[in-house]
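Observations on the three-dimensional arrangement
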Amino acid sequence: MSYTIADRQLIKKLNTNSILKVVLEKGTISRADIAKILNLTPATVSSNINNLIQDGIVHEVGIGTSSGGRKPVMIELNENGKLFIGVDIHKDGVEAAIVNLAGKILARSERQFSDHGNKFEDDVVTCIDDVRELLPDLKLDGIGIGMHGIVDTNQNISVYAPAMSRRNIALKDYIEKKESLPVFIDNDANAMAIGESWFGQAKGVRNYIFLNVGRGIGSGIVINGELFHGNRYAAGEIGHIRVVESGMRCVCGKYGCLDTVATEYSIIKTIINSIHTGVSSSITELSKGDLSTIDLNMLKEAAQLGDKCVLEALDKMGRYIGVAVSYAINMMNPGMIVFGGSMSVLGEYIIESIRSTAINLSLEECADGVFIVISSLRDNAGVVGAASLGMQNLFKE
Ligand SMILES: [Zn+2]
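Anyway, here's the lowdown on the structure attached to this text. Since the structure is predicted, the reported quantities are computational estimates derived from the model, not experimental observations.

1. Topic: the coordination of the zinc ion
- Coordination of the zinc ion by the protein comes from His240 (ND1), Cys250 (SG), Cys252 (SG) and Cys257 (SG), over a distance range of 2.0 to 2.3 Å.
- Around the zinc ion, the four donor atoms are arranged such that angles at the metal cover 104 to 122°; this shape is classified as tetrahedral.
- Donor residues for the zinc ion, ordered by position in the chain, follow H-x9-C-x1-C-x4-C.
- Note on Cys252: relative accessible area 36%, which makes it partly exposed.
- Classification of Cys257 as buried rests on a relative accessible area of 2%.

2. Topic: the nonpolar core
- In this structure, Ile283, Leu299, Ile321 and Met343 are the most contacted members of the largest nonpolar core, which totals 50 residues.
- For this core, the leading source of residues is helix H10 (residues 308-332), giving twelve residues.
- If we skip the residues at most four places from it in the chain, Met343 touches Val213, Gly214, Glu264, Ile267, Leu296, Leu314, Met317 and Ile350.

3. Overview of the pairing of strand E4 (residues 83-89)
- Where burial is concerned, most of E4 is hidden: seven out of the seven residues are buried.
- Residues of E4 alternate between two faces, with Leu83, Ile85, Val87 and Ile89 on one and Phe84, Gly86 and Asp88 on the opposite face, all of them buried.
- Note: E4 against strand E5 (residues 93-100), seven bridges, orientation antiparallel. The residue bridging Leu83 from the neighbouring strand is Asn100, located in E5.
- With six bridges joining them, E4 and strand E7 (residues 142-147) adopt parallel strand pairing. By the bridge assignment for E7, Ile85 is matched with Ile143.

4. Section: the pairing of strand E13 (residues 217-223)
- With six of its seven residues buried, E13 lies for the most part within the structure.
- Adjacent in sequence and paired antiparallel, strand E12 (residues 208-213) and E13 are bridged by three residues.
- Sheet analysis places E13 next to strand E14 (residues 226-227), joined by two bridges and oriented antiparallel. The residue bridging Val222 from the neighbouring strand is Leu227, located in E14.
- Turn length for the E13-E14 hairpin, with the two strands adjacent in sequence and antiparallel, is two residues, and the turn residue Asn224 shows positive phi of about 50°.

What counts and how
Residue indices begin from 1 for each chain and proceed along its sequence in written order. In keeping with the predicted nature of the model, local features appear solely for residues at pLDDT of at least 70, side-chain atom pairs appear and are counted solely at 80 or more, and the whole-chain, interface and lining totals rest on all residues. Heavy atoms from the whole structure form the basis of all side-chain values; hydrogens and water molecules are not counted. Atoms of type N, O and S within 2.8 Å of a metal are treated as its donors, and for Na, K and Ca the window is 3.2 Å; water is not considered, so some sites may appear to be missing partners. Note on geometry labels: four donors, all angles 85 to 135 degrees, give tetrahedral; four donors become square planar and six octahedral when opposite donors are over 155 degrees apart and every other angle is between 65 and 115; remaining cases are irregular. Exposure classes here rest on a 1.4 Å probe applied to the protein chains alone. A residue is buried below 20% of its type maximum, exposed above 50%, and partly exposed in between. Nonpolar core, defined: a set of buried Ala, Val, Leu, Ile, Met, Phe, Trp, Tyr and Cys residues in which side-chain atoms within 4.5 Å join the residues together. Put simply, DSSP H or I for four residues or longer makes a helix, DSSP E for two residues or longer makes a strand, and each gets a number counted from the N terminus. In this analysis, two residues are considered to be in contact whenever any of their non-hydrogen atoms come within 4.5 Å of each other. In this analysis, strands are considered paired if DSSP registers two or more bridges between them.

The following block contains the structure:
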């Protein structure tokens, strides 16, 4: 078999990414053990490791123990060898964080949109500037952006941002000009899915779906280790699967979508409605009677107190998500479903009903062996995932 230059470059990128992920997972490891784990030749591993050392991404940290023969030189990740800003742009605001190669957050900033997001690009730039000012001496390697809505990753434009009703924004070009750093952009759930494979539950999983459940609900689909964007970059819109017959009108204009019953807003609305109809809940006391102050932390506190009203609402939400997940399982036969996004802070109260509903409704053969888990990145998934868009592009050339 003969390889073209493009083939060789792709293989090299995949090998380097795989090697880096093994170093990240094992902490300290020898070249020989990396070769064994990845089934690569010692020469391939050595040449890739030498490049990673040159780039300051890993370093040698001394001599390990030998199982016979020469003692191996151990390799370790140089955590701050490359630094990226991860930017998560959601429906009503933006978060930015400086993230290192180990997925650790060194600084972060947050900003609500002014002017209903009509000029959200300026808020994004201000948020990035704020986080850069916190650690002004750091050398940064790039910016990754997870943007809600539909993102064309070929032309690098935000095709449609439903929360602001904005279309075709050349976000990458705009931010690159303002910040003088390379910018990588994708949909927010896609970015989170990539982050989960670098730093979370999906390490080593080839086929999985990341559910981003927060102010809206979307998903990132990974097939054979690569993101699946779809024909027009609109794959993964799980929030717009109909789960309620004759349901409420959704932001998309259709009725009964998952998005109308399984987001931060909808759960708070459900609980307020229950309280208004006379259901007793510790939320009344926790909010000191002002139900407009309900937030996820308050819901968590109530859930920990065993509040029936809140627990039932979360259970019901989980069942709706489970219905949509069962469709995804039947279509894709994934190895894992990761539940993430801001609602994952309440994950332990939702995951069981997602799991049981999804398994019950899907074909046994399709659901066999699927892990349905809560993201270990929790509410950092947005910024860490966005930063990992930069990391996976480290070896593009
Ligand atoms: Zn919809």
